[in-house]
Amino acid sequence: MCRKTLRLSPDPKGISRAADILRSGGLVAFPTETVYGLGGDARNAAAVARIYEAKRRPPHNPLIAHVAGINAARRLAQFDPRAEALATAFWPGALTLVLPVRADSRLTPAMTPEGAGTVALRVPKHPVAQALLTAFGGPIAAPSANPSGRVSPTSADHVLEGLSGRIDAVLDGGDCPVGLESTILSLVTPQARLLRPGGIATEAIAEVLGGPVASGKDTGVLTAPGQLASHYAPHAPMRLNAEFPLDGEIWLGFGPDCTAAEVTLSATGDLDEAAANLFAALRLLDARAKGRRIAVAPIPDYGIGEAINDRLCRAAAPRDST
Ligand code: AMP
Ligand code: MG
């Protein structure tokens, strides 16, 4: 696949063009509040196959179906009272729910893991994502718009760096406000299970459910690429929890004490700001590293800090373990 990738404005003309491309089986990257998604028609097998091809994504990693609202989601999956409560609390927003798929969903089989009978659903909040979903009028399959295993894109430029010539268009909606992927929660078992920490804090989910959330990592079963050891990886090697940089390191700071940092995630120690800056900072440091290692200051592990640390651990994991 080699073609020119259009950069579309997120105005009515650009949205309508993007929806036409989706209807004809093409691929359009679009902004969501988390990261840019690589969209294709979730009911078109060829379009979904193109997503895997463009990203070079391993075939066993299923995709999230994005829909405009809870009514559209109910047409694809079975909602129990927990799903209803979580959707009411967090949709539109950065929470993906894994639910039993409905027999009449018309989703292409690649959208539902073999034999599991489940589907991952999300209602994004970003106005451009909402406008595209409304114009298209159906579910859009959309993993992050980056080559598999690499750092997720939080701007249209990031998308083009990784996928230019491999997709039809990108809707340029500026920087993504949350900056980290959605939280993925499985509701197919009696106890809710966290498959990937993300933009909605686990504590907030537990509060709505009225009880603790199990960790997907306990199962030993790979159900989300976020569970792969190496993922979200820059090219440069990394060292975490670095109180200061060593010789041959370039430092990514957090908080007011990191004055020697090359780049700081948040000078005031604000975790939301750090999440929004994380992926762009990793890209910038990767470009400047020139053979040096990226050392990262400690990040608190509560709220969205759990997701930041999860991404940093996978970015730092040995590369031969994927
Ligand atoms: P990405 O969009 O690349 O950030 O990743 C989407 C995530 O959703 C992947 O980790 C998938 O494995 C996960 N996912 C999608 N569908 C399912 C499903 N039915 N069950 C479990 N995980 C899923
Ligand atoms: Mg991804």
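Quick note: structure is the one above.
Definitions and limits used
Position numbers for residues start from 1 in each chain and track the written sequence from start to end. Here chains are named by letter from A upward and ligands by number from 1 upward, in the order in which they appear as written. Since the coordinates come from a predicted model, pLDDT governs what is reported: local features require at least 70, and pairs of side-chain atoms require 80 or more to be given and counted, while whole-chain, interface and lining totals use all residues. The basis for every side-chain value is the complete set of heavy atoms in the structure, and neither hydrogens nor water enter the calculation. Numbering goes from the N terminus for both helices and strands, where a helix is a DSSP run of H or I of at least four residues and a strand is a run of E of at least two. Only protein chains enter the accessibility calculation, which uses a 1.4 Å probe; a residue is then buried when its area is under 20% of its type maximum, exposed when over 50%, and partly exposed in between. Note on areas: these come from Shrake-Rupley sampling with a 1.4 Å probe, and a residue is covered only by the protein chains present in the view. Note that His is not counted, nor are the chain ends; the positive residues are Lys and Arg, and the negative ones are Asp and Glu. By convention, the charge on Lys lies at NZ, on Arg at CZ, on Asp at CG and on Glu at CD. By convention in these notes, a salt bridge is any Lys or Arg side-chain nitrogen within 4 Å of a carboxyl oxygen on Asp or Glu. Note on pairing: DSSP must find at least two bridges between two strands before they are called paired. Counting of polar contacts relies on pairs of N or O atoms within 3.5 Å, with two restrictions inside protein: one atom must be capable of donating a hydrogen and the other of accepting it, and residues adjacent in sequence are counted only when both atoms are side-chain atoms. Two aromatic rings, drawn from Phe, Tyr or Trp (for Trp, its six-membered ring), form a pair once their centres lie within 6.5 Å of each other, and the interplanar angle then sorts them: stacked below 30 degrees, edge-to-face above 60, tilted otherwise. When checking whether two residues touch, look at their non-hydrogen atoms; a contact exists if any pair is within 4.5 Å. Each nonpolar core is a collection of buried residues, namely Ala, Val, Leu, Ile, Met, Phe, Trp, Tyr and Cys, held together in the definition by side-chain atoms within 4.5 Å. Each C-beta atom gives one direction from the helix axis, and the arc is the one those directions make. For helices, the fitted line uses only the C-alpha atoms of the stretch in contact; every axis is such a line through C-alpha atoms, and the angle between N-to-C directions lies from 0 to 180 degrees. The cut-offs work like this: below 35 degrees is roughly parallel, past 145 is roughly antiparallel, 65 to 115 is roughly perpendicular, and the gaps in between are oblique. Note: crossing handedness is left-handed where the near helix turns anticlockwise from the far helix by less than a right angle, and right-handed where it turns clockwise. Classification used: nonpolar for Ala, Val, Leu, Ile, Met, Phe, Trp, Tyr, Cys and Pro, charged for Asp, Glu, Lys and Arg, polar for all others including Gly.

A. Inspection of the overall build of the chain at higher detail. Looking only at helices and strands, the chain has 9 helices and 15 strands in total. Once the C-alpha set of the chain is aligned to its principal axes, its extents read approximately 60 × 50 × 35 Å. Taking all 322 residues of the chain together, the buried fraction comes to 56%. Carbon and sulfur atoms make up 53% of the accessible area of the chain, which totals about 13,300 Å². Within the chain, the 31 negative side-chain charges are centred at a point lying 8 Å from the centre of the 32 positive side-chain charges.

B. Just the pattern of salt bridges, in detail. Under the criterion given, the structure shown has 14 salt bridges. Between Arg311 and Asp310 there is a salt bridge, and its shortest N-O distance comes to 2.7 Å. We classify Arg311 as buried; its relative accessible area is 1%. Given a relative accessible area of 5%, Asp310 falls into the buried group.

C. Region of interest: the pairing of strand 13 (residues 249-253). Counting buried positions along strand 13 gives 5 out of 5 residues, so the element sits mostly inside the fold. With burial as the criterion, each face of strand 13 is covered, one bearing Glu249, Trp251 and Gly253 and the other bearing Ile250 and Leu252. Sheet topology places strand 13 next to strand 15 (residues 293-296); 4 bridges connect them, and they run parallel. Counterpart to Leu252 in the pairing with strand 15 is Val296.

D. Just the sheet that holds strand 3 (residues 37-41), in detail. Taken together, the 11 strands give an open sheet; going across it, the order is 1-8-2-3-7-4-6-5-9-10-11, and neighbouring strands pair in mixed fashion. Edge strands, defined here as strands with exactly one partner in the open sheet, are strand 1 (6-8) and strand 11 (214-215). Examined bridge by bridge, strand 2 (residues 28-30) and strand 3 share 3 bridges and lie antiparallel to one another. Considered in strand 3, the bridge of Val28 is made with Gly39.

E. Structural detail: the side chain of Asp310. Note that Asp310 resides in helix 9 (residues 305-316). In this structure the side chain of Asp310 is engaged in a polar contact, spanning 2.7 Å, whose partner is the side chain of Arg311.

F. Quick look at the packing of aromatic side chains. One pass over the structure, following the stated rule, counts 2 aromatic pairs. Arranged with centres 6.1 Å apart and planes meeting at 15°, the rings of Tyr232 and Phe279 form a pair that is stacked. Residue Tyr232 is found in the loop between strand 11 and strand 12 (238-239), and its partner Phe279 is found in helix 8 (residues 271-289); the two are separated by 47 residues along the sequence. Tyr232 gets classed as buried once you look at its relative accessible area, which sits at 3%.

G. Region of interest: the environment of Gly37. With respect to the helices, strands and loops of the structure, Gly37 is situated in strand 3. Under the relative-accessibility criterion, Gly37 is labelled buried at 5%. Each C-alpha atom of the pair Gly37 and Ala87 lies 20 Å from the other, and the pair is 50 residues apart in sequence. Leave out the neighbours within four places in its chain, and Gly37 touches Val28, Ala29, Phe30, Thr32, Ala142, Pro143, Ser144 and Ala145.

H. Examining the nonpolar core more closely. Counting residues in each nonpolar core, the largest one holds 48 residues, and the members touching the most others are Phe79, Trp91, Leu95, Leu97, Leu121 and Leu185. The set of elements that each furnish at least two residues to this core consists of helix 2 (45-55), helix 4 (81-90), strand 5 (95-100), strand 6 (118-122), helix 6 (156-163) and helix 7 (202-209). When sequence neighbours within four positions are dropped, the list of residues in contact with Leu97 reads Ala83, Leu86, Trp91, Val119, Ala120, Leu121, Leu185 and Leu187. Core analysis: the second largest hydrophobic core is formed by 34 residues, Trp251, Leu252, Val263 and Ala295 among them.

I. Seen up close, helix 4. Taken as a whole, helix 4 has its buried residues at Ala83, Leu86, Ala87 and Phe90. Seen end-on, helix 4 carries its buried residues on one side only, within an arc spanning 100°. In helix 4, the exposed positions angled more than 90 degrees off the buried face are occupied by Pro81 and Thr88. Elements that come into contact with the buried residues of helix 4 comprise helix 3 (70-74), strand 5, strand 9 (183-186) and helix 7.

J. Here's a closer look at the packing of helix 1 (residues 12-23) against helix 5 (residues 127-136). Packing of helix 1 against helix 5 brings their axes to within 9 Å, and their N-to-C directions diverge by 55°. Regarding the angle of helix 1 to helix 5, the classification is oblique. Taken as a pair, helix 1 and helix 5 cross one another with a handedness that is right-handed. Within the contact between the two elements, helix 1 uses Ile15, Ala18, Ala19, Leu22 and Arg23 and helix 5 uses Val128, Ala131, Leu132, Ala135 and Phe136. Residues of the contact of helix 1 with helix 5, tallied by class, amount to 9 nonpolar, no polar and 1 charged.

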